[in-house]
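# Overview (structure and organization)
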Amino acid sequence: MAIMIAIRGQDAEPWVKCFTERLPNHSIVLEGSHTQPELVRFGVSWQHEPGSLARYKNLAAIFSLGAGVDHILADPKLPSVPIVRSTNPDLSNRMSEWVLLHVLAHLRQYRKYDRQQSQKVWKDDRSQPSAEEIHVGVMGLGMLGLNAANKLKMVGFDVAGWSRTPKNIPGIECFSGSTDLEHFLARTDILVCLLPLTPETKGILNKRLFLQLRQGGPLSGPILLNAGRGELQSEDDIITSLDEGILRATTLDVFEIEPLSTDSPLWLHPAVTITPHNAAMSDPSAIVAEIAKQIEAYERGEPLQNVVKHTIGY
Ligand code: NDP
Ligand code: OXD
């Protein structure tokens, strides 16, 4: 029985090593290798070449190496088997580190003081608001959003969240669905987007939405953080909104096209902070341990967990 690894954009070697150590009774093959395709039972994908999985006729399931599955569902020739996403706590903890870092950096004006230091300027800002005065809104209250929302709350921010279905989370004001969106946005000073990319969420971060965020506020304008997916955002609208004062600043980990082109005006915009889609990197040993447990359980006849619902796209 073989496990086939189909990875683009990163080194497959650490994944092969972890799978070989963790599942020594399975052969681990790379996509496109000469192994007989009919021996392959499980596929493991990170941005696999569209159409490349169609030749594995005996696939039982495809595992995503990350939390997102849009890269798998975008394949028009995807075999009709369960898609399983990663829900490893390591990913949530890493994402929350990124969210806390950048929310606090905006609150405490980190970029400004960094620039001042480079010019040897000693000038403090007497109007520094505290976390309690800041309304943070987390879009997406799933594995990542919930963890980040709870940690932001712990630091003292006034936190709300928005999801597709209604939630009741102690200490967090919960909004859901399109009818609640305007109320959620109207109270938000810092918007943190941790949504999956689906037909419903594609392009949601646009000027029309930014105009609904709380204007003014203790940070003198709303701030956007996006670590969900680049196609959730219109980068043209982000630049226009920054230049027109509709947004005050942004931190982006994900982009419409990755890697971000050197031509993009985002790189040098003074109100933009960029990280290279590494807010929550998938750690091979943590993720492989999770997938291996699922494969072993499946082979004992138990059902797969964290199976994606194709109809809603996540
Ligand atoms: P989950 O599936 O656990 O959670 C998704 C959340 O989004 C849920 O709360 C869901 O609502 C909500 N949601 C989905 N569609 C809508 C909608 N139309 N309107 C309102 N809310 C909606 O996903 P994760 O938290 O695990 O991951 C989120 C995304 O983060 C991934 O899909 C991936 O794109 C991205 N990611 C980015 C990484 C990075 O390094 N930048 C790393 C890992 C993930 P409900 O609860 O009602 O279902
Ligand atoms: C993921 C990612 O989806 O790293 O896990 O983007």
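Now for a quick tour of the structure. (Residues numbered from 1 in each chain as written. Chains lettered and ligands numbered in written order. Predicted model: local features only at pLDDT ≥ 70, side-chain atom pairs only at ≥ 80, totals over all residues. Heavy atoms only, no water.)

### Here we look at the packing of aromatic side chains
In total, this model carries 4 aromatic pairs according to the counting rule given. Judged by centre distance (6.5 Å) and plane angle (25°), the rings of tryptophan 162 and phenylalanine 184 are stacked. Residue tryptophan 162 is located in strand β7 (residues 158-163), and its partner phenylalanine 184 is located in helix α6 (residues 177-186); the two are separated by 22 residues in the primary sequence. Just as tryptophan 162 is buried, phenylalanine 184 falls in that class too. Cluster of aromatic residues (ring-pair linked, three or more members): Phe42, Phe63 and Tyr298. (Phe/Tyr/Trp six-rings, centres within 6.5 Å; stacked < 30°, edge-to-face > 60°. Helix = DSSP H or I, 4+ residues; strand = E, 2+ residues; numbered from the N terminus. Buried < 20%, exposed > 50% of the residue type's maximum accessible area, 1.4 Å probe, protein only.)

### Structural notes on the site of ligand 2
The environment of ligand 2 is formed by Trp46, Gly66, Ala67, Gly68, Arg229, His277 and Ala280. Backbone polar atom of alanine 67 to an oxygen atom of ligand 2: 2.7 Å apart, as the coordinates give it. One of the backbone N or O atoms of glycine 68 is found 2.8 Å from an oxygen atom in ligand 2. Burial of ligand 2 by the protein amounts to 87% of the accessible area it has alone, namely 210 Å². Counted by class, the shell around ligand 2 contains 3 nonpolar, 3 polar and 1 charged residues. (Near = heavy atom within 4 Å. Polar contact = N/O pair within 3.5 Å; in protein donor to acceptor, adjacent residues only side chain to side chain. Areas by Shrake-Rupley, 256 points an atom, 1.4 Å probe, with all protein chains shown as cover. Nonpolar A, V, L, I, M, F, W, Y, C, P; charged D, E, K, R; others polar.)

### Let's talk about empty space enclosed by the protein
The tally for this structure, following the rule as stated, stands at 1 cavity of 30 Å³ or more. A volume near 50 Å³ is recorded for the largest cavity. Put simply, the parts of the chain that give the lining of the largest cavity at least two residues each are β4 (61-64) and α9 (284-299). With 3 residues, α9 is the single largest residue contributor to the lining of the largest cavity. Here the residues of the lining of the largest cavity are counted per class, giving 3 nonpolar, 3 polar and 2 charged. (1 Å grid on protein atoms, 1.4 Å probe; cavity = no way out; pocket = protein on both sides within 12 Å on 5 of 7 lines; lining within 4 Å. Points joined across faces, edges and corners; volume = space filled by probe spheres on them.)

### Thoughts on the sheet that holds strand β10 (residues 223-226)
The 7 strands lie next to each other as β8-β7-β6-β9-β10-β11-β12, forming an open sheet whose pairing is parallel. Edge strands, defined here as strands with exactly one partner in the open sheet, are β8 (173-176) and β12 (272-274). Direction aside, neighbouring strands of the sheet carry axes that sit 15° apart on average. Pairing between β10 and strand β11 (residues 249-252): 4 bridges, direction parallel. Among the inter-strand pairings, leucine 224 is bridged to a residue of β11, identified as threonine 250. Most of the contacts of helix α3 (residues 89-107) go to β10, to which it runs at about 165°, and overall it touches β6 (135-139), β9 (190-193), β10, β11 and β12. Packed on one face of the sheet, α6 meets β6, β7, β8 and β9 and runs near 160° to β7. (Pairing = 2+ DSSP bridges. Axes fitted to C-alpha atoms, helices over the stretch in contact; angles between N-to-C directions. Contact = heavy atoms within 4.5 Å.)

### Observations concerning α9
With 16 residues, α9 should cover 22 Å at 1.5 Å per step; its first-to-last C-alpha distance of 22 Å lies within 8% of that length. Burial in α9 covers these residues: Pro284, Ala286, Ile287, Val288, Glu290, Ile291, Ala292, Gln294, Ile295 and Ala297. Among the structural elements, β1 (2-7), α1 (13-22), β3 (40-46), β4, β5 (83-84) and α3 are those in contact with the buried residues of α9. Phi for glycine 301, located one or two positions after α9, is positive at around 95°. (Expected span 1.5 Å × (residues − 1).)

### A word on the nonpolar core
Counting 82 residues, the largest nonpolar core has Met139 and Leu205 as its most contacted members. Among the elements that line this core, the one with the most residues is α3, at 7 residues. Counting 15 residues, the second largest nonpolar core, distinct from the first, contains Met4, Val40, Leu53 and Val308. (Core = buried A, V, L, I, M, F, W, Y, C linked by side-chain atoms within 4.5 Å.)

### A closer look at the pairing of β4
The side-chain alternation of β4 yields two buried faces, one formed by Ala61 and Phe63 and the other by Ile62 and Ser64. The sheet contact formed by β3 and β4 spans 4 bridges and is parallel. Among the inter-strand pairings, phenylalanine 42 is bridged to a residue of β4, identified as alanine 61. Bridging between β4 and β5 involves 2 bridges; their strand directions are parallel. Bridge pairing in β5 places isoleucine 62 opposite isoleucine 83.

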